[in-house]
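# Report on the structure
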Amino acid sequence: MDTGASFWEALAPPDAAALEARGVRRSFARGHAIFHAGQVADRVLILRTGRVKVIAPSASGREIVLAFHVPGELVGELAALDGGVRSASMVAVEAVEVLALAPEDFRAFLDDHPAAALALVRTLGRRLRDADARLMEFATVDTLGRVAIRLVELCERFGKSDGDQIDVALPLSQEELAGWACTSLESTARALQTMRSLGWLETRRRAIRVLDLKALRRAAG
């Protein structure tokens, strides 16, 4: 899980101002597909407000959630940097504003600001480690553990404490949670039922309240 500073947070104020000057602000409504898999990458985006999910279809056509991104994060950079097409789609989870740059403008910015190029390398390195961790999960962790891992991540990234309880401040369906954990909807529903029966959490439509984070951490390994 990426717990480091975002790309935008890692920029020195002069670098951030220079990047802002090169870009254009764009807004998207909740549920809007900001880009699609297979498209030519014509923009690099930095999230300024709102959150997005990155998704890709499985071989069966089921939606797999690859990641959630929050303000400050850089998205869509790989295809724009290597000239390839988008490997996944990105959808606004809520109203979103982005700073958009043409690939050539972003590359020119990196040439002129070496510290920003280093921030990009660190961002890509964290994402590679995240991807390696996901591969390990598939090989070594059962469904309950994979769902628990995602729930712990939700608490750490999007949790709002209410005494000893944590409300996940991200509207998430069971289908999205299943796609993110790479488990079937039925298996995810059973895992959540088990967790509810053990008193670890409460769920309602697109809402999760964690009652026992320590138990979830143990289940996540």
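See the structure shown above.
Residues numbered from 1 in each chain as written. Predicted model: local features only at pLDDT ≥ 70, side-chain atom pairs only at ≥ 80, totals over all residues. Heavy atoms only, no water.

## A few points about the packing of helix 5 (residues 114-140) against helix 6 (residues 143-158)
Heads up, the condition is: Orientation is described by axes fitted as lines to C-alpha atoms, over the contacting stretch for helices, and by angles from 0 to 180 degrees between their N-to-C directions. To qualify as a helix, a DSSP run of H or I must reach at least 4 residues; to qualify as a strand, a run of E must reach at least 2; elements of each kind are numbered from the N terminus. Should an angle lie under 35 degrees it is considered roughly parallel, over 145 roughly antiparallel, and from 65 to 115 roughly perpendicular; all remaining angles are considered oblique. Working rule for handedness: look at the near helix, and if it is turned counterclockwise from the far one by less than a right angle, call the crossing left-handed; if clockwise, right-handed. In what follows, residue pairs with any heavy atoms lying within 4.5 Å of each other are defined as contacts.
Contact geometry of helix 5 with helix 6 gives a least axis separation of 9 Å together with a crossing angle of 150 degrees. By the angle between their axes, helix 5 is roughly antiparallel relative to helix 6. Note that helix 5 runs across helix 6; the crossing there is right-handed. Across from Arg 134, Glu 137 and Phe 138 in helix 5, the residues of helix 6 making contact are Arg 146, Ile 149 and Arg 150.

## Quick word on the pairing of strand 12 (residues 207-210)
For the record, the criterion: What makes two strands pair is DSSP finding at least two bridges between them.
With two bridges connecting them, strand 10 (residues 165-168) and strand 12 associate as antiparallel partners. Pairing of Ile 166 across the sheet is with Val 210, part of strand 12. As defined by bridge partners, strand 11 (residues 201-204) adjoins strand 12 across four bridges and the pair is classed as antiparallel. Residue pairing across strands places Thr 203 opposite Ile 208, the latter belonging to strand 12.

## Considering helix 8 (residues 185-197)
Note the cut-off: The length a helix should cover is 1.5 Å for every residue beyond the first. Remark: exposure states derive from per-residue accessible area (1.4 Å probe, protein chains only) relative to the maximum for the residue type, with buried under 20%, exposed over 50%, and partly exposed in between. It is the directions from the helix axis to the C-beta atoms whose arc is reported.
With 13 residues, helix 8 should reach 18 Å at 1.5 Å per residue; the first-to-last C-alpha distance of 18 Å fits that figure. Residues of helix 8 that are buried: Ser 187, Thr 188, Ala 191, Leu 192 and Met 195. Projected down its long axis, helix 8 carries its buried residues within an arc of 135 degrees, all on one side. Relative to its buried face, helix 8 has exposed residues pointing more than 90 degrees away, namely Glu 186, Arg 190 and Ser 197. In the segment just after helix 8, Gly 199 is the residue with positive phi, at about 80 degrees.

## Describing the sheet that holds strand 10
Strand order in the open sheet made by the four strands is 9-10-12-11, with antiparallel pairing throughout. The open sheet has two edge strands with one neighbour each: strand 9 (159-162) and strand 11. When strand polarity is set aside, the average angle formed by the axes of neighbouring strands in this sheet is 20 degrees.

## What to know about the pattern of salt bridges
Just so we agree on the cut-off: Here, a salt bridge means any side-chain nitrogen of Lys or Arg that lies within 4 Å of a carboxyl oxygen of Asp or Glu.
Here the structure, examined in full by the defined rule, presents 15 salt bridges. Among the salt bridges present, the one from Arg 22 reaches Asp 112, with a minimum N-O distance of 3.0 Å. Taken together, the residues Arg 22 in helix 2 (residues 13-22) and Asp 112 in helix 4 (residues 103-112) connect sequence positions 90 residues apart. You can call Asp 112 partly exposed: its relative accessible area is 49%. A salt bridge links Lys 53 to Glu 63, with the shortest nitrogen-to-oxygen separation between them at 3.3 Å. Remark: Glu 63 occurs in strand 5 (residues 63-69) and Lys 53 occurs in strand 4 (residues 52-57); sequence separation between them is 10 residues. One salt-bridge network, held together by shared partners, links Glu 73, Glu 77, Arg 127, Arg 150, Glu 153 and Arg 157.

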